[in-house]
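Observations on the model geometry
Chain residues, written in single-letter form:
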Amino acid sequence: MGVLVCGVVVLTLICQSHSLDGATNPLHRFKRYQESASSEPNDCTTRTRQPMVLSKSGNFSLDVRMPGVSPTVSDTYLCVAVPVPTTRDAYIVDFEPHASMDTAHHMLLYGCGTPVSTTNYWDCGSVKGTCEDEASIMYAWARNAPPTRLPPDVGFKVGGKSRITYFVLQIHYGDVHAFSDHHRDCSGLTLRMTSKPQPFIAGMYLMMSVTTVILPGNKVTNADVACTYNSYPIYPFAFRTHTHKLGQVVSGYRIRDGKWTLIGRQTPQLPQAFYPATKGINVKYGDTLAARCVFTGEGRTTKTYIGGTSDDEMCNFYMMYYMESRHAAPFQECMEDGSKELFQNIPPEANVPITVPPEMMMHNMMHSAGAPSTPEHQDDMALLQPKREEEEVLDQEYHLEEVTDWPESPLQLGQVSGLALDSDDNLVIFHRGDHQWGVNSFDNSGKYQQESLGPIQQSTILVVDPVKGSVLKASGRNMFYLPHGITTDKDNNYWVTDVALHQVFKLSSDGRDKPLVVLGEAFEPGSDKEHFCKPTDVAVDPVTGNVYVSDGYCNARILKFSPEGKYLSHWGAGSSDRRRRVQFRIPHSLVFLPDRRELCVADRENGRIQCFVAESGEFVKEIKKQEFGGEVFAISYAPVHGGLIYAVNGESAYGRSAPLKGFVINYSTKEILDDFSPENAQEFGMPHDIVVTKDGRVFVGDAATDSVLKFSSDKAEHRSVKKGGIEVQEIEETETIIQTRLKPQHRVEVAVAKVQIPVATQQKTAEPVQEQPQKPQQQEDDKDKTLAKQTAQGVSPAVITTLLLIPLVVVISIGVLIRYRKNRMYGDGCEVKLEQTSSGGILGKLRGKAAGGLNLGNFFATHKGYTRQGFDRLSTEGSDQEKDDDNDTDSENEEYSAPPPPVGPSSSS
């Protein structure tokens, strides 16, 4: 007997060793998957022969699909394993399902280190299961549920240190009548992945009852689950409920200091998708998470237990959350029964069943059968989608307008070259005092020609109150020759550039003018690691303290330094860009995106904004718009509403300029949401830098007018309040006049109709007409009629009729004249359309990823009396993929329209 046991153990170890040999090398695993996926001689399998598709730098796609299966028995569970095609950290940011409810009851994606099998596919509904080690629930789909959009900057971490080296796709084929024609199924999903680190990692928290018994005939049975949360903070953003046929409503709550806060509540009889969780909720150490499922036992003749078959029941509340990557816990669970004392205080709403409208049920049936959705049904389904943050503020009015009474007292400034904000949102202005950049400032090699003028004697750095515009602090005397860019770090130190000195300085904000760090050699332009050539701007990583310098007018590169000023690396556009984009032409402004860990560059003469992974310099995206007119001078960033980029353009010396404006741009969609410029027929002279405060106020430094302009949305908000009164009436009157000029024929027809109506009828209908807003021409008609009535007392009907017809004849004459002039101006059949202005509601235009540790099938298989089958899963869909504009153009221009300098040697890595 002992010999037999030893033989079995040895055989098992040999099999496991063989399995692990194939799992050691990811490329070997991936090749094996490609071979096995294409082994079935079926048309649909051709879609899986090339599962990984490289899209752009750092981003790729992976198809995970069944290799043409044809199940013959209902309630069959089949699995296929697909290796993660990288040994480095990767992040799933989008799931695209390819399945129909007609074929697949549900599909579930697991992540694990060692799958049960690496063969073509296997029956995983038996004791075999999915993974040899712990399986993490990563994605699921069921019942044609609508997709869910997840927050940006959130991803499922796989590969690398995540211990997830394989994906296992499990599909439950419920009713195999769909395979009566013996066709083969290739259901599955596409994973959109990126190597770009995500600042937040998605996770799933499952609250699940395992002890509930539903008595037959009972109208109400409650299943209560509650656990104390004892980990790092999490931020729920979506929830999903799951029961089988008897579930009426499922609700999830956070309990803090005795107060119950709803996370989400839904009937599981609707499509079991993820719905938006309560906005702004968080869960921290010491909170209690609780859920209640309400069942009915009516119609049942026997007890119903928790289990995996369709005759059993389940009580699941899934909560999707994100948390900081350094604390990431991809899966958490709670299966403890809640105490009666605790649930005595549950809000009454948790006990109220949610009625499913019949039309929704009919829509579900139609949708599952593949019938086309009607517009109203599409609207219904749209209501089920969780909204992204930027979509939840669509109705708000937001348009930036100049604050003309700022500053309260004039600021004594020279050419304003740079703006920044300190930690208190005070405005920091960097200006040139009595020095100016002119055509004689530099020679052809970039060497400064006016050193004899000496440094600027005025205070070049002013800290200004953003509300009143008063000067709070001043510094920077006798230090600079031609200031350019400025930024602040987390300690409120100033990092500045001087294009005449070809240097970068770190200064304390305490007023002492002694530099803490100096980079570059004074008045010596160069292109090596120790020299700059007219550096333009600085950006600082608030976490690492690393410093990024745009260099600049000659070298067209970005350099990276440590907080102490040690050179780390540098890059230029095209060096790390596989599409070999045109290199920088004056990288003029920098901004660090702290929430995305990216560095964006205003590439001035190329008229574009380019963003890079700050750590590596890897290209991420490009924003280029015709509205920029070929010039982008400066950019700023606000991490709100999914990310907003603020930019100002500039005037080109080569006749391709667009109007000078400020722009608000959606980072994700690249859409211009708003544009703004000074009021009262004024214009920007040379908008040279831009910053945005935490409350959305925008400041623009103008180097041509030696001024700083402030813009705010307050005026737009005040104006919207007036819409019920005079301003709306003025708008209506304006529209009427335009209509009168462009459509005189309509006016003529109305006038003729009035002539044919008897006078008595006109008098009777005049009163209800007066209750409606009247058009200007109608008001004139009414005035004339009233005057005729007042002067016609005792006058014969013929005279009255004559007086009434006179204004009508005048209207007819005017209408014919306008019609004649219109035909002369536009020609017959010419259609004139009025277009809306591009400026306006920024937020009105805004449109703009979890690993788990519980294998529910294995869980029930290990508990007596339970089966593995019958689980409807969650459905998720992630973030959009970015597309880049390719219409790059080159131009050359020097500041102040000076002749363009010769292009110096560029450096790239």
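Residues numbered from 1 in each chain as written. Predicted model: local features only at pLDDT ≥ 70, side-chain atom pairs only at ≥ 80, totals over all residues. Heavy atoms only, no water.

Within the protein, the regular secondary structure consists of 12 helices and 45 strands. The buried share of the protein, reckoned over its 909 residues, is 52%. By element, 52% of the accessible surface of the protein is carried by carbon and sulfur atoms, the whole surface being about 41500 Å². (Helix = DSSP H or I, 4+ residues; strand = E, 2+ residues; numbered from the N terminus. Buried < 20%, exposed > 50% of the residue type's maximum accessible area, 1.4 Å probe, protein only. Areas by Shrake-Rupley, 256 points an atom, 1.4 Å probe, with all protein chains shown as cover.)

What follows deals with the environment of Ile263. By the element assignment, Ile263 lies in strand S16 (residues 259–266). You can call Ile263 buried: its relative accessible area is 1%. Non-local contacts of Ile263, meaning those with residues more than four positions away in its chain, are made with Pro236, Phe239, Gly252, Tyr253, Arg254, Ala277, Thr278, Ile281, Leu289, Phe317 and Met319. (Contact = heavy atoms within 4.5 Å.)

Right, let's get into the state of the cysteines. Summed over all chains, the structure comprises 6 disulfides. With its sulfur 2.1 Å from that of its partner, Cys79 forms a disulfide with Cys124. On the S-S bond that ties Cys79 to Cys124, the torsion sits near 80°, and the link is right-handed. Of this pair, Cys79 sits in strand S3 (residues 76–83) while Cys124 is found in the loop between strand S6 (122–123) and strand S7 (136–142), placing the two residues 45 residues apart along the sequence. For Cys79, a relative accessible area of 0% gives the class buried. Among the residues examined, Cys124 registers a relative accessible area of 0% and is labelled buried. Each sulfur in the disulfide pair Cys293 and Cys315 lies 2.0 Å from the other. Judged by the sign of its S-S torsion, about 80°, the cystine formed by Cys293 and Cys315 is right-handed. (Disulfide = S-S within 2.5 Å.)

The next subject is the pairing of strand S26 (residues 471–475). In the sheet, strand S25 (residues 461–464) pairs with S26 via 4 bridges, with the strands oriented antiparallel. Note that in S26 the partner of Val464 across the bridge is Val471. Between S25 and S26, which pair antiparallel and follow one another directly, the connecting turn spans 6 residues, one of which, Gly469, has a positive phi of 90°. (Pairing = 2+ DSSP bridges.)

Nonpolar side chains collect at one region of the surface, where Val213, Leu215 and Tyr305 lie side by side and expose about 240 Å² of accessible area between them. Locating Val213 in the fold gives a position in strand S12 (residues 213–214). (Patch = residues over 30% accessible without salt bridge, like charges linked within 9 Å, V, L, I, M, F, W, Y side chains within 5 Å. Salt bridge = Lys/Arg side-chain N within 4 Å of Asp/Glu carboxyl O.)

What follows deals with the pairing of strand S33 (residues 557–561). Within S33, 5 of the 5 residues are buried, which leaves the element mostly enclosed by the surrounding structure. With burial as the criterion, each face of S33 is covered, one bearing Arg557, Leu559 and Phe561 and the other bearing Ile558 and Lys560. When strand S32 (residues 547–551) meets S33, the two strands line up antiparallel, connected through 5 bridges. The residue of S33 that forms the bridge with Tyr548 is Lys560. Hairpin connection, S32 to S33: the antiparallel pair is bridged by 5 residues, and Ala556 has positive phi, about 55°.

Moving on, we get to the packing of aromatic side chains. Considering all chains together, one arrives at 30 aromatic pairs under this definition. Here the aromatic rings of Phe561 and Tyr567 are separated by 6.1 Å at their centres, their planes lie at 75°, and the arrangement is edge-to-face. Its end group placed over the ring of Phe442, Lys534 keeps NZ or CZ at 4.4 Å from the ring centre. The ring of Tyr667 has Lys621 sitting right over it, with the charged end atom 3.8 Å from the ring centre. (Phe/Tyr/Trp six-rings, centres within 6.5 Å; stacked < 30°, edge-to-face > 60°. Lys NZ or Arg CZ within 6 Å of the ring centre and 35° of its normal.)

Here we take up the pattern of salt bridges. Close approach of charged atoms lets side chains of opposite charge pair. Considering all chains together, one arrives at 16 salt bridges under this definition. Of the charged contacts in the structure, one is a salt bridge between Glu324 and Arg326, with a shortest N-O distance of 2.8 Å. Exposure remark for Glu324: the relative accessible area of 35% places this residue in the partly exposed category. For Asp603, the salt bridge is made with Arg608, and the minimal N-O distance between the two is 2.7 Å. For the pair Asp603 and Arg608, one class covers both residues: buried. Beyond isolated ion pairs, a larger network of salt bridges with shared partners links Asp603, Arg608 and Glu622.

Ile92, Leu109, Val158, Phe167, Leu191 and Met193 are the most contacted members of the largest nonpolar core, which has 57 residues in total. Of all hydrophobic cores here, the second largest spans 27 residues; its members include Tyr205, Val225, Ile263 and Val283. (Core = buried A, V, L, I, M, F, W, Y, C linked by side-chain atoms within 4.5 Å.)

Turning to the side chain of Asp595, a few remarks are in order. Positionally, Asp595 belongs in the loop between strand S35 (587–593) and strand S36 (598–603). For the buried Asp595, no salt bridge exists, and the shortest N-O distance to an oppositely charged side chain is 4.3 Å, to Arg596. A polar atom in the side chain of Asp595 sits 2.9 Å from the side chain of Tyr637. Among residues more than four places away in sequence, those in contact with Asp595 are Asp153, Pro199, Tyr637 and Pro639. (Lys, Arg positive; Asp, Glu negative; His and termini not counted. Polar contact = N/O pair within 3.5 Å; in protein donor to acceptor, adjacent residues only side chain to side chain.)

The 4 strands lie next to each other as S27-S28-S29-S30, forming an open sheet whose pairing is antiparallel. With one partner strand each, in any of the chains shown, strand S27 (483–488) and strand S30 (517–519) form the two edges of the open sheet. Taking each pair of neighbouring strands and ignoring which way they run, the sheet shows an average axis angle of 15°. For S27 and strand S28 (residues 494–498), the ladder comprises 4 bridges, and the chain directions are antiparallel. Counted as the bridge partner of Pro483 is Asp498 from S28. (Axes fitted to C-alpha atoms, helices over the stretch in contact; angles between N-to-C directions.)

A few words on the sheet that holds strand S18 (residues 288–295). Read from one edge to the other, the open sheet built from 4 strands follows the order S13-S18-S15-S16, with strand pairing classed as antiparallel. The sheet is open, and its two borders are formed by strand S13 (221–228) and S16, each paired with just one other strand. Neighbouring strand axes in the sheet, compared pairwise and without regard to direction, differ in orientation by 20° on average. Where strand S15 (residues 247–256) lies against S16, 7 bridges are found, and the strand directions are antiparallel. Opposite Arg254, over in S16, you have Thr261 as the bridge partner.

Moving on: a negative patch on the surface. Taken together, the side chains of Glu132, Asp133, Glu134 and Glu333 present a region of like negative charge at the surface. With respect to the helices and strands, Glu132 occurs in the loop between S6 and S7. Take Glu132: its relative accessible area is 56%, and that puts it in the exposed class. (Charge placed at Lys NZ, Arg CZ, Asp CG, Glu CD.)

Across the junction of Trp406 and Pro407, the peptide omega takes the value -10°, indicating a cis bond. If you trace the backbone, Pro407 turns up in the loop between strand S22 (401–402) and strand S23 (416–421). A cis amide bond links Asp551 to the next residue, Gly552, at an omega of -10°. With respect to the element layout, Gly552 can be found in the loop between S32 and S33. Phi angles above zero are rare outside glycine, and Lys534 is one such case at about 55°. For Asp706, which is not a glycine, the phi torsion comes out positive at approximately 50°.

Per-residue confidence for the protein gives a mean pLDDT of 74; residues scoring 70 or more make up 65%. Below pLDDT 50 for its whole length, residues 715–795 participates in 62 contacts with residues either more than four positions away or in separate chains. (pLDDT = per-residue confidence, 0-100.)

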